[in-house]
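Listed here are the chains, written in short residue letters.
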Amino acid sequence: TLPPDALYEVIDGEAKEIAPMGAVSTVFASELAIRLVGARRSPRDVIAVETLFALPAPVNRRRRPDLAYLAEDRVPASWPPPLGSDPPFIDAVPSLAVEVVSPTDLAAELEEKLREYLSVGVMTVLIVYPMERTIYVHESKSRVRALTVTDTLDVGNALPGFSVKIAELFAPLTRQ
């Protein structure tokens, strides 16, 4: 039994509690979310932080990326829910899933999430190492780019035309 305010994912039918993002991870995710909001193409595009998504077969799990972007064509017709209703998950596959690595994250679990996201049709997965200021951009299992603060991030077909200098995303985490 999980506390009512617990963050969790559903793995093989069981709720598994996960740690919330730390302060550094939250600041980075917020910076990226702000940029995504400014780049969205439709008011129906959804940007969600630590939101549970019901991933379809072959995964059949509920995962909670640290940040997700759903282009309008991926947003369920039933969204938004009726006033007064707040469902525990969104039944959709994000266009972009972002995992911001915290000290409590295990490499094997991140790899499993990456594989699952790509297998259900997430177009781009970002694995962010905020302490190292490195972002890995995955568009498939074999197509990955490693970016640092001297690079510019684009998220490919997940949001065509979107780009931001990585140094800008890390600016609030950089001492002057």
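Residues numbered from 1 in each chain as written. Predicted model: local features only at pLDDT ≥ 70, side-chain atom pairs only at ≥ 80, totals over all residues. Heavy atoms only, no water.

1. Notes on the nonpolar core
Grouped burial of nonpolar side chains is what soluble globular proteins tend to show. Formally: Think of a nonpolar core as a cluster: buried Ala, Val, Leu, Ile, Met, Phe, Trp, Tyr and Cys residues, connected wherever their side-chain atoms sit within 4.5 Å. Residue exposure (1.4 Å probe, protein chains only): buried if accessible area is under 20% of the type maximum, exposed if over 50%, otherwise partly exposed. We count a stretch as a helix when DSSP gives it H or I for four or more residues in a row; a strand needs E for two or more, and each element gets its number in order from the N terminus. Two residues form a contact once any of their heavy atoms are found within 4.5 Å.
Judged by nonpolar contacts, the single largest core of 27 residues is most densely connected at Phe28, Leu32, Leu126, Ile135 and Leu153. Elements with a contribution of two residues or more to this core: α1 (23–39), β6 (67–70), β7 (96–100), β8 (124–129), β9 (134–138) and α3 (166–170). For this core, the element with the most residues is α1, which contributes five residues. The contact partners of Leu153, leaving out residues within four places of it in the chain, are Leu32, Leu126, Ile135, Val137, Leu147, Phe162, Ser163, Val164, Ile166 and Leu169. By size, the runner-up hydrophobic cluster in this structure holds 21 residues, among which are Leu55, Leu70, Val101 and Val122.

2. A word on the sheet that holds strand β10 (residues 144–147)
Basically, it comes down to this: For two strands to be treated as a pair, DSSP must find no fewer than two bridges joining them. Axis definition: a line fitted to C-alpha atoms, over the contacting stretch in the case of helices. Angles run 0 to 180 degrees between N-to-C directions.
Taking strand neighbours across the sheet as the criterion, the six strands line up as β3-β6-β7-β8-β9-β10 in an open arrangement whose pairing is mixed. Two strands in the sheet have a free side with no partner beyond their single neighbour: β3 (46–49) and β10. Within this sheet the neighbouring strands show an average axis-to-axis angle of 15 degrees, counted without direction. Pairing of β3 with β6, which is carried by four bridges, proceeds in the antiparallel orientation. In the sheet register, Val49 faces β6, and the bridge partner there is Leu67.

3. Examining unusual backbone geometry
With omega at 10 degrees, the peptide bond leading from Ala57 into Pro58 counts as cis. Residue placement: Pro58 occurs in the loop between β4 (53–55) and β5 (61–63). Omega for the peptide link from Trp79 to Pro80 comes to 0 degrees, which places this bond in the cis form. Here Pro80 lies in the loop between β6 and β7. Positioned with a positive phi, Glu50 is a non-glycine residue whose angle comes to about 50 degrees. Even without a glycine there, the phi angle at Asn60 is positive, about 50 degrees. Considering the arrangement of structural elements, one finds Asn60 in the loop between β4 and β5.

4. Focus on the side chain of Arg64
We count it as follows: Counted as positive: Lys and Arg. Counted as negative: Asp and Glu. His and the chain ends are not counted at all. When a carboxyl oxygen of Asp or Glu is within 4 Å of a side-chain nitrogen of Lys or Arg, the pair counts as a salt bridge. Any N or O atom pair separated by 3.5 Å or less is treated as a polar contact, with the protein-specific requirement of one donor-capable and one acceptor-capable atom, and with residues adjacent in sequence counted only for side-chain atom pairs.
Among the secondary structure elements, Arg64 is positioned in the loop between β5 and β6. One buried charged residue, Arg64, forms no salt bridge at all, with the nearest opposite charge on Glu9 at 6.0 Å. Side-chain polar atoms of Arg64 contact the backbone oxygen of Tyr8, separated by 3.0 Å. A polar side-chain atom of Arg64 sits 2.9 Å from the main-chain carbonyl oxygen of Glu50.

5. Things to note about the side chain of Arg63
Within the secondary structure, Arg63 is located in strand β5. Here Arg63 falls in the buried class, since its relative accessible area comes to 4%. At 2.7 Å, the side chain of Arg63 and the side chain of Glu9 are in polar contact. Leave out the neighbours within four places in its chain, and Arg63 touches Glu9, Ile11, Thr51, Leu52, Phe53, Leu55, Glu112, Lys113, Glu116 and Tyr117.

6. Observations concerning the packing of aromatic side chains
Cut-off, in case you're wondering: Put simply, two rings from Phe, Tyr or Trp (the six-membered ring, in Trp's case) pair if the centres are within 6.5 Å, and we call them stacked under 30 degrees between planes, edge-to-face over 60, tilted for the rest.
Summed over all chains, the structure comprises two aromatic pairs. Here Phe28 and Phe170 contribute two aromatic rings whose centre-to-centre distance is 4.9 Å and whose plane-to-plane angle is 35 degrees, an arrangement assigned as tilted. Here the residue Phe28 occupies a position in helix α1, and Phe170 occupies one in helix α3, the gap between them amounting to 142 residues. When its relative accessible area of 0% is taken as the criterion, Phe170 is described as buried.

7. Brief notes about the environment of Tyr129
Of note, Tyr129 is situated in strand β8. Of the residues examined, Tyr129 reaches a relative accessible area of 30% and is grouped as partly exposed. Setting aside anything within four residues of it in sequence, one finds Tyr129 in contact with Val101, Leu110, Thr134 and Tyr136.

As far as function goes, none of this settles anything; it's purely spatial.
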